[in-house]
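The residues making up each chain are set out below.
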Amino acid sequence: METIDYLSFSISEKGFKPNINLERPNYVQPEDRLQYRSARLIVILGMLNTNNGLSKDVIACVDFLLRNEAFQTKFILEYFNGQKNIINKIEQIEKSNQIEMDFNVVQYKSVPWDLRFNDMLLYLYIRDLIKYKTKKNNKNIRIQISQKGQDMFNIFSNIFPSEVNFLELFGKKMSEEKTIKIITEVIPNSYWKQNAQLKNK
């Protein structure tokens, strides 16, 4: 006790005021890490691996769905509209207990493009995990997983079980035109319409 009393007396004598920060520390979330998000892009390209690759727009849309599980059921209802097995597909989704939505992305009326996508694609490209496919006029850029990327996908697929579970519903190919339309038009319109009704109550 004498030591503590002496310390307290010394602090008071010098006019010092101890400052204790009781706020919760800021934890870095997985979504904040470039490596984590880049690995998920490999999962997307590995699950939807086609000879023509995927457009950057559809990659952004699928990544949006994987980050925002709350919209997955709505997407399935729209994508498989009219098909008899639609209920079975919804039941196959394995959702986490804690669902968070990226409200900032939802507000975009176009493809939910994230500025970090360019960094993620560069991160994957310089590591020889993806390949770019373009025509001579450099239009219609397509992104395809490389053999090295495929090897990494075999590892990453165990790290992203819920994402793999969702993408398995679409087989090896997802309609890009339909996917982009649902993400950029149907879901945003229904989202804002639903919130407008809540505000008017």
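Scope of this entry: the structure provided in the associated data block.

Reading the values: the criteria
- Residues numbered from 1 in each chain as written.
- Predicted model: local features only at pLDDT ≥ 70, side-chain atom pairs only at ≥ 80, totals over all residues.
- Heavy atoms only, no water.
- Helix = DSSP H or I, 4+ residues; strand = E, 2+ residues; numbered from the N terminus.
- Buried < 20%, exposed > 50% of the residue type's maximum accessible area, 1.4 Å probe, protein only.
- Contact = heavy atoms within 4.5 Å.
- Salt bridge = Lys/Arg side-chain N within 4 Å of Asp/Glu carboxyl O.
- Patch = residues over 30% accessible without salt bridge, like charges linked within 9 Å, V, L, I, M, F, W, Y side chains within 5 Å.
- Areas by Shrake-Rupley, 256 points an atom, 1.4 Å probe, with all protein chains shown as cover.
- Axes fitted to C-alpha atoms, helices over the stretch in contact; angles between N-to-C directions.
- Parallel < 35°, antiparallel > 145°, perpendicular 65-115°, else oblique.
- Nonpolar A, V, L, I, M, F, W, Y, C, P; charged D, E, K, R; others polar.
- Pairing = 2+ DSSP bridges.

Re the environment of Ile-187
Item 1. Mapped onto the secondary structure, Ile-187 falls in helix α10 (residues 176-200).
Item 2. Residue Ile-187 is classed as buried on the basis of its relative accessible area of 2%.
Item 3. Residues Ile-187 and Phe-71 lie 116 residues apart in sequence; the distance between their C-alpha atoms is 7.7 Å.
Item 4. Dropping the residues within four chain positions of it, Ile-187 is found in contact with Phe-71, Lys-74, Phe-75 and Ile-182.

Describing the side chain of Arg-40
Item 1. Looking at the secondary structure, you find Arg-40 in helix α2 (residues 34-47).
Item 2. On the accessibility criterion, Arg-40 (1% relative accessible area) is buried.
Item 3. When neighbours within four sequence positions are excluded, Arg-40 is seen to be in contact with Glu-31, Asp-63, Leu-66, Arg-67, Phe-160 and Glu-163.

Description of the pattern of salt bridges
Oppositely charged side chains can form a pair if their charged atoms are brought close together.
Item 1. Across all of its chains, the model carries 5 salt bridges by this definition.
Item 2. Residue Arg-40 is joined to Asp-63 by a salt bridge in which the shortest nitrogen-to-oxygen separation is 3.0 Å. Placement of Arg-40 in helix α2 and of Asp-63 in helix α3 (residues 56-67) is noted, with a sequence separation of 23 residues between them. Of the two residues examined, Arg-40 and Asp-63, each falls in the buried class.
Item 3. The salt bridge partner of Lys-74 is Glu-78, with a shortest N-O separation of 3.1 Å. Taken together, the positions of Lys-74 and Glu-78, both in helix α4 (residues 72-79) and 4 residues apart, correspond to about one turn of that helix.
Item 4. Note on Glu-78: relative accessible area 29%, which makes it partly exposed.
Item 5. One salt-bridge network, held together by shared partners, links Arg-37, Arg-40, Asp-63 and Arg-67.

Describing the environment of Ala-39
Item 1. Structurally, Ala-39 is set in helix α2.
Item 2. For Ala-39, the contacting residues outside a window of four places in its chain are Phe-156 and Phe-160.

Some details on a nonpolar patch on the surface
Item 1. Taken together, Leu-122, Tyr-125, Ile-126, Tyr-132 and Ile-141 make up a surface patch of nonpolar side chains, about 490 Å² in accessible area.
Item 2. Looking at where Leu-122 falls in the secondary structure, it is placed in helix α7 (residues 116-125).

Points about the packing of α2 against α7
Item 1. Between α2 and α7, whose axes approach to 9 Å, the crossing angle comes to 75°. With respect to α7, the axis of α2 lies roughly perpendicular. Only Arg-116, Phe-117, Asp-119, Met-120, Leu-121, Tyr-123 and Leu-124 of α7 make contact with α2, whose side of the interface consists of Leu-34, Gln-35, Arg-37, Ser-38, Leu-41 and Ile-42.
Item 2. Its residues assigned to classes, the contact of α2 with α7 shows 8 nonpolar, 2 polar and 3 charged.

Some words on the sheet that holds strand β3 (residues 142-145)
Item 1. Spatially, β1-β3-β2 is the arrangement adopted by the 3 strands of the open sheet, whose pairing is antiparallel. Lying at the two open borders of the sheet, with one neighbouring strand each, are β1 (54-55) and β2 (130-133).
Item 2. With 2 bridges joining them, β1 and β3 adopt antiparallel strand pairing. Its bridge partner being in β3, Leu-54 is matched across the sheet by Ile-143.

Brief notes about the packing of α2 against helix α8 (residues 147-156)
Item 1. In the contact formed by α2 and α8, the axes pass within 9 Å of each other and the chain directions differ by 105°. On the basis of their axis angle, the class for α2 and α8 is roughly perpendicular. Every residue of α8 that contacts α2 at Ala-39, Ile-42, Val-43, Gly-46 and Met-47 is listed here: Gly-149, Met-152, Phe-153 and Phe-156.

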